[in-house]
Amino acid sequence: MTQLDLHYTDPRLVDLYDIENPSGPDFDFFLALADELQAQRILDLGCGTGLLTRQLAVNGREVTGIDPSAAMLAYAHRQPGAERVNWIEGDSHALGSPAADLVLMTSNVAQVFLDDGEWAATLRHIHAALHPGGYLAFESRNPADRGWEKWNPETTFARLETPHGPVETWLEVVGEENGRVHFQGHNLFKNSGEDVVATSTLRYRSHAEISASLQETECTVVQVYGSWEKRPFEITSSMMIFVAQRE
């Protein structure tokens with residue numbers, strides 16, 4: 001199982017997650033996709049606090065949120081509409097084979113799989129969880145854009161009002177090698193003066209690498225978008241939004 005950083009295990013940082021990552025155009029994209037595909041059985045792998053998961057769980061849909069973080073799921077359980085979702089603590093091994101219509105990995109979850117073997121295993125588990133013709137959708141940052149080079153205290157600084165009082169946050173990149181970017185997320189709790197630093201690593205796979213890994217798992221790439229507004233992917237796009245179908 002992928003090692004979890006403090007953003008997903010420290011209850012104070014979990015409380016900040018939805019404030020830093022509210023509903024936006026990414027949620028609009030995935031909600032519209034679920035409607036377009038008329039998906040009734042949906043699995044949200046890496047669901048986190050379940051903000052999107054709960055929005056998917058309408059109109060009689062069977063929605064399951066799966067996440068390895070007990071702290072994230074504890075937060076999700078306390079939110080309105082949580083009773084509409086089946087919550088499971090675990091990673092892709094917990095998907096099972098429910099013949100799902102749609103599996104989602106949102107919020108760049110695809111980049112937490114640092115090892116190629118773990119990424120391949122995750123795709124195999126997703127393939128087994130889908131019925132033939134079922135869909136997988138996820139996004140990943142485009143390494144050609146080198147967006148992490150803009151992650152510094154000046155460009156990423158934010159001041160949040162939180163249940164723990166004002167918190168100042170920023171990112172600092174500390175290293176880059178072999179498609180992996182290592183960085184620190186600072187969370188300065190102003191009332192106590194404590195700076196809680198979460199160290200993280202993300203894997204940047206190219207369009208070609210991701211496409212090949214899907215093909216190896218017998219999933220056909222249906223579309224790759226370069227924006228949440230469905231602009232076609234280009235080499236200069238900052239993101240890659242994959243929609244694939246189990247063969």
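Here the structure is a predicted model, which means the values were calculated and not measured.

**Q** Just checking my understanding: could you explain the packing of aromatic side chains for this structure?
**A** When we look at a pair of aromatic rings, we describe it by the centre distance and by the angle of the planes. Following the criterion strictly, the structure yields 10 aromatic pairs and no others. Considering the side-chain rings of Trp151 and Phe183, the 5.2 Å spacing of their centres and the 70 degrees angle between planes classify their relative orientation as edge-to-face. Note that Trp151 is positioned in the loop between β5 (130–141) and α7 (153–156) and Phe183 in strand β8 (residues 180–189), a separation of 32 residues in sequence. An aromatic cluster is defined as three or more aromatic residues linked by ring pairs; in this entry it consists of Phe29, Phe30, Tyr225 and Trp228. Across from the ring centre of Phe189, 5.6 Å away, lies the NZ or CZ of Arg12, which sits over that ring.

**Q** When you look at the sheet that holds β5 in this model, what are you seeing that I'm missing?
**A** Two pairing modes exist for strands in a sheet, parallel and antiparallel, and in both the strands are linked by backbone hydrogen bonds. Taking strand neighbours across the sheet as the criterion, the seven strands line up as β3-β2-β1-β4-β5-β11-β10 in an open arrangement whose pairing is mixed. Edge positions in the sheet fall to β3 (85–89) and β10 (219–225), since each of these pairs with one other strand and no more. Strand-to-strand twist in this sheet, taken as the mean axis angle between neighbours without regard to direction, amounts to 20 degrees. Pairing of strand β1 (residues 41–45) with strand β2 (residues 62–67), which is carried by five bridges, proceeds in the parallel orientation. The partner of Arg41 across the bridge, within β2, is Glu62. Helix α3 (residues 25–36) rests against β1, β4 (100–105), β5, β10 and β11 (239–246) of the sheet, and its axis sits at about 165 degrees to β5.

**Q** Honestly, the pattern of salt bridges in this entry has me stumped. Any pointers?
**A** Oppositely charged side chains are able to pair whenever their charged atoms sit close together. Under the criterion given, the structure shown has 12 salt bridges. The salt bridge involving Glu229 is made with Arg231; its shortest N-O contact spans 3.9 Å. Owing to a relative accessible area of 52%, Glu229 belongs among the exposed residues under this scheme. Owing to a relative accessible area of 51%, Arg231 belongs among the exposed residues under this scheme. Bridged by salt links that share partners, the residues Asp10, Arg12 and Glu194 form one connected network.

Parameters at a glance
- Residues numbered from 1 in each chain as written.
- Predicted model: local features only at pLDDT ≥ 70, side-chain atom pairs only at ≥ 80, totals over all residues.
- Heavy atoms only, no water.
- Phe/Tyr/Trp six-rings, centres within 6.5 Å; stacked < 30°, edge-to-face > 60°.
- Helix = DSSP H or I, 4+ residues; strand = E, 2+ residues; numbered from the N terminus.
- Lys NZ or Arg CZ within 6 Å of the ring centre and 35° of its normal.
- Pairing = 2+ DSSP bridges.
- Axes fitted to C-alpha atoms, helices over the stretch in contact; angles between N-to-C directions.
- Contact = heavy atoms within 4.5 Å.
- Salt bridge = Lys/Arg side-chain N within 4 Å of Asp/Glu carboxyl O.
- Buried < 20%, exposed > 50% of the residue type's maximum accessible area, 1.4 Å probe, protein only.

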